[in-house]
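# Reading the structure
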Amino acid sequence: MTTTTATVPTVHPSAPRVPLVELRDIRVAFGGVHAVEDVTVDLHAGEVVGVVGGNGAGKSTLIRTLSGAHPADSGQILINGEPVEIHNPRDAKALGIETIYQTLALADNIDAAGNVFLGRELLSRFGSLDDAAMESATRKVMGRLNPRFRNFKTAVKSLSGGQRQSVAIARAIHFNARILIMDEPTAALGPAETVQVRELVAQLKAEGLGIFLISHDIHDVFDLADRISVMLQGRLVGTVNKADVTKDEVLGMIIMGKKPGEVTAKDIATLHG
Amino acid sequence: MTEASGVLPDASREPPRSLRSLLFSLEIDTRLLGMIGALAVIWIFFNVISGGSFLTPRNLWNLSVQSASIAIMATAMVLIIVSRNIDLSVGSLLGFLGYTMAMVQAEWIPKTLGLGFDQPYTWIITLLVGVVLGALLGGFQGVLVAYARIPSFIVTLGGLLVWRGLIFRYAQGQTIAPLDVNFRLLGGGPGASLGEVASWVVGLIACLGIIYTLIAGRRRRRRYGFPVRVMWAEVLLGVLGCLAVLVAVWVANSYPWPEALARDYAEAQGIAWPAGGLFIPTGIAIPVLLMLGVGLVMAYVASRRRFGRYVYAIGGNPDAAELGGINVRRTITMTFVLMGVMCAISAAIQTARLNAAVTGLGTTNELDVISAAVIGGTSFAGGIGTIPGAILGAVVMQSLRSGMLLLNVDSPTQDIVVGAVLVAAVGFDSYVRRKAGG
């Protein structure tokens, strides 16, 4: 009898861990303009990967292929090494991928619970909306995010920027996401709220989630990220371990597209103007 | 008072604290309350000017019947406008469906199929054909809007011309009459009403419904430990709701059958004609019952079903709806399907009332329906509007028309007044909304 070793799912201790997410050779074009060209990035469980780049670098477009908001023209997405098809936001959510969009993507005329459960409403008998159950669950998750939040009955339009952000975050974490995408999570926040979001990211990371943190500002992500993928004009400049680089070196990648070793003292002087 | 010091300029403009806290405790939609207030003002105004002939059972009963068909269509128009679309074709679609239903019952079933007139099943087959056709034609327009991405204004403007054109092409100016004897009941009229006992039964069922809704809602919130209304507010709401229902039934029952009809009835039943005349209560008219049923179902769909939630989400933020995983296109298409169904029901009411289908049936109804929805608080910016508001809006519109008719105001002046009221109402509404910070 021959042993079918190929089917035994043992991983050799020295073999590289299979990433939680791998975006492979992703390509997106808008009417002939290549927004993303052959970009490959990956993300492990319990890891924060910063995706940075200037305006129009293609970082949001890249990550929207993972959230299902805009499917890739070509390339592959793998979750735990398995190829998956993501055609729309529903597919992504079914795979445990949750996204906090820069615009927050809230329906302004609906209350917090309605937004948290938008598209995934809880139903009572006879298929009616179970608003009380949704409010109860929302109160619980908001209690963890923003204990002072009280406006459960008002449309989110009348909430402050920070409160709206909490609603968007609540929606992303309530459904036990494995993979979290945060697009410019602190762009619209005050200092105190920014600290809150940072604490939350650290906490979720400790719980084993993989987190993509997207920003145009290296200062936003440098402290939180384990690795940083830099994009420029639709292409990946490179991915670096944060421990191995300085902010200036990453800045050089963002602006000049140069790998850390290629950045000269003169370049750094130019960066600092 | 501290008026002399002039330090309280704002306080005097605000409603009294007690009224405010009362409304707060009741948790009533203040907009809806404002509309009921406006309606009361209109009714009292016309009653005073006409020397007391507006607030009579007869006039109010007629008002309810005349409002029914517009109100029914307005319930679906709300959902269309809330999801940032518009339907200009409803008047023409109503005409086309009314004409088709008239053909079914007056030509195809009795003559083409040779089954004869006034069969017991004729009315239901006719209505089913109308509703299915309405759903298909509405759905067709919806597909053009949602999937072909043609703006709804254009699609339904085309529909307005096409459906009307089809009527003229096939009717050749002919009026189809008379209609099926059972089908005619859908149009109302004293003979096509519930009568005294059934009206009271409907009223009592409505009261039980109100009480059950209040209790069930309170229980549900209790179970999750949420704050609930104060008990007295809950009781007051229940009492006011039931009172309103019972007064409405009482008014409908206070309207007697006209003498000619009563005489026929007495003769048929072999009753001697009493000296003081025979008082037979009319009760709730069948189209009004239809309107109440449609209103209830649509209010439930809009506020308690996923579909309704999605319609409002799309109106509030179409991108958010899409990213939330909502099938936006299917939802938009469904709003137009519902609109088509409501057009069919209203077409049945209007043709049954006329006992005929005429080529001009439903002309300019689209304007009345859109006006009703908008006066009822539906916002063209999307995301805002309620079913009860739209029904009230239809009643407000009809009250203006019927009041002016009572005062012998000519038709052009009626149009001027209704047009001005429409613009003023929307202007006032958006002013209040801006002030409220919405």
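Above this text sits the structure in question.
From a predicted model like this one, the values you see are computed outputs, not experimental measurements.

### What to know about the overall build of chain B
- Each helix and strand in chain B was counted, giving 16 helices and zero strands.
- Radius of gyration (C-alpha) of chain B: 24 Å, near the 22 Å computed for a compact globule of 438 residues.
- Here the C-alpha coordinates of chain B stretch approximately 80 × 65 × 50 Å along the principal axes.
- The proportion of buried residues among the 438 residues of chain B is 42%.
- In chain B, of all internal contacts separated by at least 6 residues, the share reaching a separation of at least 24 is 80%.

### Comments concerning the interface of chain B and chain A
- Each partner contributes to the interface: chain B provides 24 residues, whereas chain A provides 22 residues.
- Put simply, the parts of the chain that give the side of chain B that touches chain A at least two residues each are helix 7 (195–223), helix 11 (306–316) and helix 12 (318–323) of chain B.
- Ranked by the residues each element gives to the side of chain B that touches chain A, the list is headed by helix 11 of chain B, at six residues.
- Residues that form the side of chain B that touches chain A fall into these classes: nine nonpolar, eight polar and seven charged.

### What about the pairing of strand 6 (residues 97–100) of chain A?
All names here are of chain A.
- A two-sided burial pattern is seen for strand 6, the buried positions comprising Ile97 and Thr99 on one face and Glu98 and Ile100 on the other.
- Note that strand 6 and strand 7 (residues 179–183) share four bridges and pair parallel. Considered in strand 7, the bridge of Ile97 is made with Ile179.

### Here's the deal with the sheet that holds strand 4 (residues 74–79) of chain A
Residues and elements named next belong to chain A.
- What the four strands build is an open sheet, ordered 2-1-4-5; its pairing is antiparallel. The sheet terminates laterally at strand 2 (33–43) and strand 5 (82–84), the two strands that pair on one side only. Shown here is a sheet whose adjacent strand axes are inclined to one another by a mean of 30 degrees, direction ignored.
- The pairing of strand 1 (residues 21–30) with strand 2 spans seven bridges and is antiparallel. By the bridge assignment for strand 2, Val21 is matched with Leu43.
- Against the sheet, helix 1 (residues 59–67) engages strand 1, strand 2 and strand 4, with an angle of about 115 degrees to strand 1.

### Quick word on the nonpolar core
- Residues Ala74(B) and Met77(B) are the most contacted members of the largest nonpolar core, which totals 178 residues.
- With sequence-adjacent residues up to four places away left out, Met77(B) is seen in contact with Asp87(B), Met339(B), Val369(B), Ile370(B), Ala373(B) and Ala390(B).

### Description of helix 11 of chain B
- Along helix 11 of chain B, nine of the 11 residues are buried, which leaves the element largely enclosed by surrounding structure.
- Here helix 11 of chain B has its buried residues at Gly308(B), Arg309(B), Tyr310(B), Val311(B), Tyr312(B), Ala313(B), Ile314(B), Gly315(B) and Gly316(B).

### Quick look at the environment of Leu251(A)
- With respect to the element layout, Leu251(A) can be found in helix 8 (residues 247–256).
- Along the backbone, Leu251(A) and Gly53(A) are 198 residues apart, and their C-alpha atoms lie at a distance of 9.0 Å.

### Remarks on the sheet that holds strand 7 of chain A
Residue and element names in this part refer to chain A.
- Sheet architecture is open: six strands sit in the order 6-7-8-3-9-10, paired in mixed fashion. For this open sheet the edge positions go to strand 6 and strand 10 (235–241), each flanked by a neighbour on one side alone. Taken pair by pair, the neighbouring strands of this sheet meet at an average axis angle of 15 degrees, ignoring direction.
- Of the pairings in the sheet, the one linking strand 9 (residues 227–232) to strand 10 comprises six bridges and is antiparallel in character. Directly across from Arg227, in strand 10, lies its bridge partner Asn241.
- Its contacts with the sheet place helix 6 (residues 191–206) against strand 3 (48–52), strand 7 and strand 8 (210–215), and it is angled at close to 150 degrees to strand 8.
- Here helix 8 sits on the sheet and contacts strand 3, strand 9 and strand 10; the angle it forms with strand 9, its principal contact strand, is near 25 degrees.

### Side note on the packing of helix 4 (residues 90–112) of chain B against helix 14 (residues 365–375) of chain B
Residue and element names in this part refer to chain B.
- Close contact between helix 4 and helix 14 brings their axes to 6 Å; oriented N to C, the two are set at 125 degrees. It follows from the interaxial angle that helix 4 and helix 14 lie oblique. Contacts between helix 4 and helix 14 pair Val90, Gly91 and Leu94 from the former with Asn365, Glu366 and Val369 from the latter.
- Of the residues that constitute the contact of helix 4 with helix 14, the class distribution is three nonpolar, two polar and one charged.

About the criteria used
- Once a new chain begins, its residue numbering starts again from 1 and follows that chain's sequence as written.
- Chains and ligands are labelled by the order in which they are written, letters from A for the one and numbers from 1 for the other.
- Residues qualify for local features only when their pLDDT is at least 70, as the model is predicted, and side-chain atom pairs are given and counted only at 80 or more; totals for whole chains, interfaces and linings, by contrast, use all residues.
- Counting from the N terminus, the helices are DSSP H or I runs at least four residues long and the strands are E runs at least two residues long.
- Restricting the calculation to C-alpha atoms gives the radius of gyration, and the globule rule supplies 2.2 Å times the number of residues raised to the power 0.38.
- Counting other C-beta atoms within 10 Å of its own, a residue is labelled buried from 20 upward, exposed at 12 or fewer, and partly exposed in the gap between, with every C-beta atom placed from the backbone.
- In this description, any two residues whose backbone-derived C-beta atoms lie within 7 Å of each other are considered to be in contact.
- As a working rule, the residues Ala, Val, Leu, Ile, Met, Phe, Trp, Tyr, Cys and Pro are called nonpolar, Asp, Glu, Lys and Arg charged, and the rest polar, with Gly in that last group.
- Note: two strands are recorded as paired if DSSP finds a minimum of 2 bridges between them.
- Helix axes are fitted to C-alpha atoms over the stretch in contact, other axes to C-alpha atoms as well, and angles between N-to-C directions run from 0 to 180 degrees.
- As used throughout, a nonpolar core is a set of buried Ala, Val, Leu, Ile, Met, Phe, Trp, Tyr and Cys residues joined through C-beta atoms within 7 Å of each other.
- To sort the angles, those under 35 degrees are grouped as roughly parallel, those over 145 as roughly antiparallel, those from 65 to 115 as roughly perpendicular, and the leftovers as oblique.

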